[in-house]
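Listed below are the residues making up each chain.
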Amino acid sequence: MSFRVPSTALLFFDDFLISGSGRNAHVHSLDDGIVVQKEPVLPRGVVHGIRRGSGVEKASLVFFGQKCFQFALLHENVTKVGKPCYLDDWILDVHFFINSSFLAIATAHNSVYTCNIESREITKLRDCEVQSILYSFRFAELDVLTAACGTVFNQILLWKPFNGSKIVARAKGHKGVIFSIQFDLKGNRMCSVSDDRTVRIWDLSLAFAKHSRGSEIADLPQLSVLFGHTARVWDAQFLTVNRLISIGEDSTCRMWDLNLHRCTKVYKGHKGRSIWSLAFDRKRDIAVTGGGDSSIRLWPLDLNETGQFEAHILLGQLPAERCSPKDFPRSLKQIDSSRVLVLTHEGFLFLFHVDCEGDFSSSSSSSSDWTFLDFDTDFSGYSVVDVSKERELIAIGNLRGKIKILTLEGKFILHLTGFEGKVFSLLWATNEHDDEDHDVSSSLYLFSCGPDGKMICWAVDDSGTAAIRFATLLLPPCKHRWLTTVKFVSSQKNSSHLLTIVCGDRSGSLHVFTMEKRDLGDGEAAKMIIKKPEQTFHSIHGKHGVSDIVERRQNGGNHFILSCGRNGVWRKYSWNGNLLEIVTENTIKGMDWIERLIFVNDDDDDNHHHHHHLFVSGFHSSYFVVWGLDSNETLLSWDCGGAHRSWDMSMDWEKGLVVFTYIRNCRINFVYQKMWRQVSSTLLQPSFHGREATCLSLLWSHEQTGEKALLLSGSEDCEIKVWKVDRSDHFQFRFEEMATCKGHTSSVKCLASSHDLRRRIDGDGSAYLLFSGGGRDSLKASLISTNGDDDDDVKSVSCHEIASLNAEGRRRRRRRRSAEDDGVSAAAAAAAAAAAARCMALTTFFVHLKHFVISGWSNGLIKFHLFSEASRQFSVALESIPYGRCLLAIDRLIVKNGDNCVLLLFTSATDGCISLWNCTCLLGGRGGGGGGDDDEPPQRKQPTILHRFSAHQSGVNDFAVQYRKNSDDYLLVSGGDDNALYAATFRLNLSSPLAILPTDQCLETNAHISSITGVAFGGSGLVFSTSADQRIKKWRVERCEWKLEKEIVTSIADISSLITWKANAGNIVAVCGIGMEIVREENEEKTADDSMQSAQTCTGVL
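Residues numbered from 1 in each chain as written. Predicted model: local features only at pLDDT ≥ 70, side-chain atom pairs only at ≥ 80, totals over all residues. Heavy atoms only, no water.

A. Just the overall build of the chain, in detail. Across its full length, the chain holds four helices and 86 strands. Taking all 1102 residues of the chain together, 58% fall into the buried category. Restricting to contacts in the chain with at least 6 residues of sequence separation, those with at least 24 account for 51%. About 45,600 Å² of surface is accessible on the chain, with carbon and sulfur atoms providing 46% of the total. (Helix = DSSP H or I, 4+ residues; strand = E, 2+ residues; numbered from the N terminus. Buried < 20%, exposed > 50% of the residue type's maximum accessible area, 1.4 Å probe, protein only. Contact = heavy atoms within 4.5 Å. Areas by Shrake-Rupley, 256 points an atom, 1.4 Å probe, with all protein chains shown as cover.)

Laid out in structure tokens, this is it:
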């Protein structure tokens, strides 16, 4: 059994972190982050809390959740002590008495119990005089055991169970129910969090003294009200006397300064809607949070500072002894963290030096120095500049095609003239892929771009004193026809005589050029040869330009190219040395203009660990932002006025320093800021999905063992993820996220996949076509490619969208025009557009390189589409069929009938019926040869209903069909909202006319205690079902009767989907909802001839 569910409880224990996930405890090593143990500690339910005892030999830990608690010991592993203990009420808190063998237990109706740890005897200590239902409870040993409870009346009541049932103090002020209460170390203050989105601090120092002088209830003074969370606050803890940390439903973790009464730091690493758990290690000054996305993140805290230091230095005016008062800086380039090259409007070139003496304690400790490099009136008014930081060479171009090259010392080297007219851009590029055995004497190149897209590549020698026109390249026609970025990339092994570049232009297009390698002594032999791009992605980064290109080599030798643009998108491409192919497309929330992709290598020599961190820099509104992709949060942000200005930045990973320089209001701004060195070490456990998973699909499994597989999951967070599953031991599976496909704008509701037949026939690796449907009328096709030594060893997976059929945009435009014509209000038109249908179910099969995709929709339509691999487009195969009720599930069955095939379609809907359709007309009457190669199929007849099974009283959420070879019939099983399981057997009469012959049926009422959301067949006549009751049940259907064989309690809440596949001597079952769990179920009997075959395995290439 393996799972990925939200962590609802966290506790630091020496060098370990213990997390409660579902009913299980995970022990994480803080040294390397590895999970050293997974242990089920509760018989069922969820671990809501973990408490540690001091001076207790019999048990050092207690886990509790629902009405159960379990003692345990932790040395190297968690060891359960004795059996679980139960109460009749919900447990809210437990507390180890100091140096005692007793445990205090609080319940949801304000009662306190004690438990003898040795004898396990539970005794009710006392009921509070206020028997209100509680949302929170917290014990504290002040002068005596004190209980603080949060009631449904928005109050916190304090009482002392050993002294009586009377309330001694109360705290009033919250506008909502109280979710958590915590005391500080000295017991002088208390913090509480609530539904009203606030954190409140209360003074306890005088309250008990006031109560001791009289019998009245003391009202606690309120010290602080902290606003900042944008949703409900779940928990808070005191860090120091003046620091507090809180978590909430807005998926943020916030640090507060109690002196200033404000938030000083916001951590935004988690995805989704909530952070559920929080713990703090005082020895290491780190906090840990468990999110609703199933991830666990460590946050290093700087408790001695008010925040990250920032020195903002305004450089002021240009040197008055050289520049006129009207002169101003036009462009700049940052050489390193202390030097900036400045080019002025009048043609002055300066090197500005800043020395902050390494401590960055204040801007006043800095000294500045202007160094004059050059002055040339030919470069006044307009000029472009770029710097080769490796060779410290400067290139400047002007309006008349003149290019000047200088050193950083201001020494003039040479002039270049490539064309008449404006130099639009200059870019230095270093070829890092030159082999030692070829004769090219240069690895430094200068690209100059002039009018009409003409681009000259200059080869510059190592000294910078000589350059030749190496190649002339031509950009395709576009509005803004000049380069913005260029990168030399590795060529094919058999193309050692070629140089390959990938470049981006100002119109957002990406191009691949190849050039022949030549020695500098070849002169102008290739002067007149103009090269056009070998490959172009037109406007792939919008209309504002491509901003950066990076080449990366991953484990296994796979080459990837990454590009980003000013449309806020960065893409990853596979690179075979000849052509690019899009792998993934990514966006970053809150960044609409991406400028650079920065990879940093963090090598741990002691442990031989090599970490590669990716940082993304760009602009959001008027702010320059550095985003940490590993930590999934904004690391740095400066208000610079926006992106339309000259700017540059550098990052020194060793010093943990980022420097940003920009021009604003004709003045140069120089900004230093330190960031944490271990900024990406926060992820202790990877995330699953940010919202509930809605569907699962099996992409591939190992043919012999089934213990290796690739799974697909879709979620309400609009993402599709590819998971690699393999067995770590006999009972545990390990699954790893391999790829993420984005593009849906609403929840992903269904998935269906098939082989990419063209790739399989060509023998070019393993590839699959994924079809996905969701809200807003979306139906998409994506290409999934796998790489590895063989099918059993998948090392990398890529997934990207290749086609989309989204009628919502067209519908919205039509409605807007119609509203304008009819005088309908824009609000009414928008409301009508928002009511778009959802694609609820999909099934697919392929015919001659074309894939039929049949989909069921929430508006009752059944749609038939063709997808062409060649054109990568959808086309309508048949007119839609109106069923009239919301469709919930769909599947197909293809049966051989002599030389022809019969296509049967099964659909289920909210009317409780399963309909069986004859869709053979979809094949064109040619036994699978229909469709040809044309995008538009011939006109065909409409499908007809052969039979309707009245299976349930309400919606049929899932069904499955199998052919039984021994009895030569078909078995149909289904589960519905009425908590029942339905089974029916039938035969097919394939003679004309085609007919369905039902033979038997039965209904297992109350099969689950809530609606059934998934059913699937296992081997040897087994059926697995699951429900929102968090149960997986194993059934055997014999003679159309249901027999329950086993019931498995799962940790997944709100289960939405179930799939199974065969494994050695058993089945593997996977369910998803709020998390994902994989269970291996052994068969009690293994037959030599499996008499059950799934409908899916009966199909093939037609």
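Let's pick the thread back up.
B. How the structure looks around unusual backbone geometry. Phi at arginine 872 takes a positive value of approximately 55°, unusual for a residue other than glycine. Counting through the fold element by element, arginine 872 comes out in the loop between strand 70 (861-868) and strand 71 (873-882). Unusually for a residue other than glycine, asparagine 1006 sits at a positive phi of about 50°. Turning to its location among the elements, asparagine 1006 is positioned in the loop between strand 79 (995-1004) and strand 80 (1012-1018).

C. View of the sheet that holds strand 11 (residues 102-107). Read from one edge to the other, the open sheet built from four strands follows the order 10-11-12-13, with strand pairing classed as antiparallel. The sheet terminates laterally at strand 10 (91-96) and strand 13 (122-127), the two strands that pair on one side only. The sheet shows a mean angle of 25° between the axes of neighbouring strands, direction not considered. Alignment of strand 12 (residues 111-116) against strand 13, held across five bridges, turns out to be antiparallel. Pairing of cysteine 115 across the sheet is with isoleucine 122, part of strand 13. (Pairing = 2+ DSSP bridges. Axes fitted to C-alpha atoms, helices over the stretch in contact; angles between N-to-C directions.)

D. Region of the structure containing the side chain of serine 388. Tracing the backbone shows serine 388 in strand 35 (residues 384-388). Setting aside chain neighbours within four positions, we find serine 388 in contact with Leu393, Trp428 and Leu444.

E. Structural detail: the pairing of strand 18 (residues 178-183). Burial analysis of strand 18 places six of its six residues in the buried class, which makes it a mostly covered element. Examined bridge by bridge, strand 18 and strand 19 (residues 189-194) share five bridges and lie antiparallel to one another. What sits directly across from serine 180, in strand 19, is valine 193.

F. Highlighting the packing of aromatic side chains. Under the definition given, this model contains 42 aromatic pairs. Ring geometry for phenylalanine 69 against phenylalanine 71: centres 5.7 Å apart, planes inclined by 90°, an arrangement best described as edge-to-face. Relative to tryptophan 638, the ring of phenylalanine 624 has its centre 6.0 Å away and its plane inclined at 5°; by these criteria the two rings are stacked. Taken together, the residues phenylalanine 624 in strand 54 (residues 623-628) and tryptophan 638 in strand 55 (residues 633-639) connect sequence positions 14 residues apart. (Phe/Tyr/Trp six-rings, centres within 6.5 Å; stacked < 30°, edge-to-face > 60°.)

G. Structural view of the nonpolar core. By size, the foremost hydrophobic cluster in this structure holds 26 residues, and its most contacted members are Val199, Ile201, Leu244, Ile245 and Leu301. For this core, the elements supplying multiple residues, two or more each, are strand 19, strand 20 (198-203), strand 23 (233-238), strand 24 (243-248), strand 25 (253-257) and strand 27 (275-281). In this structure, isoleucine 201 is in contact with Arg189, Met190, Cys191, Pro221, Gln222, Leu223, Ser224, Phe238, Leu244 and Leu258, ignoring residues within four places of it in sequence. Core analysis: the next-biggest nonpolar cluster, separate from the first, contains 25 residues, Phe845, Leu887, Leu903 and Leu923 among them. (Core = buried A, V, L, I, M, F, W, Y, C linked by side-chain atoms within 4.5 Å.)

H. Focus on the sheet that holds strand 19. The strand order 18-19-20-22 describes an open sheet built from four strands, whose pairing is antiparallel. Taken across any chain shown, the strands that pair with only one partner, and hence form the sheet edges, are strand 18 and strand 22 (222-227). Going across the sheet, the axis of each strand differs from the next one's by a mean of 15°, ignoring polarity.

I. Seen up close, the environment of leucine 332. The topology assignment puts leucine 332 in strand 31 (residues 329-336). Of the residues examined, leucine 332 reaches a relative accessible area of 2% and is grouped as buried. In sequence terms leucine 332 and threonine 661 are 329 residues apart; their C-alpha atoms lie 8.2 Å from each other.

J. Quick look at the pattern of salt bridges. Tallied over the full model, the rule gives 40 salt bridges. Between arginine 596 and aspartate 648 there is a salt bridge, with its nearest N and O atoms 2.6 Å apart. Remark: aspartate 648 occurs in strand 56 (residues 647-652) and arginine 596 occurs in strand 52 (residues 593-604); sequence separation between them is 52 residues. Overall, arginine 596 belongs to the partly exposed group, its relative accessible area being 25%. A single network of salt bridges, built from pairs that share partners, joins Asp374, Asp376, Asp378, Arg400, Lys402 and Lys404. (Salt bridge = Lys/Arg side-chain N within 4 Å of Asp/Glu carboxyl O.)

K. Inspection of the confidence of the model for the chain at higher detail. The predicted model of the chain has a mean per-residue pLDDT of 83, with 84% of residues at 70 or higher. When pLDDT is averaged over each element of the chain, strand 23 comes out on top at 96 and strand 86 (residues 1092-1094) at the bottom at 35. Note that residues 436-440 has pLDDT below 50 and, in this model, five contacts with residues that lie over four places away or in other chains. Between residues 830-834, whose pLDDT stays under 50, and residues either more than four places distant or in other chains, the model counts four contacts. (pLDDT = per-residue confidence, 0-100.)

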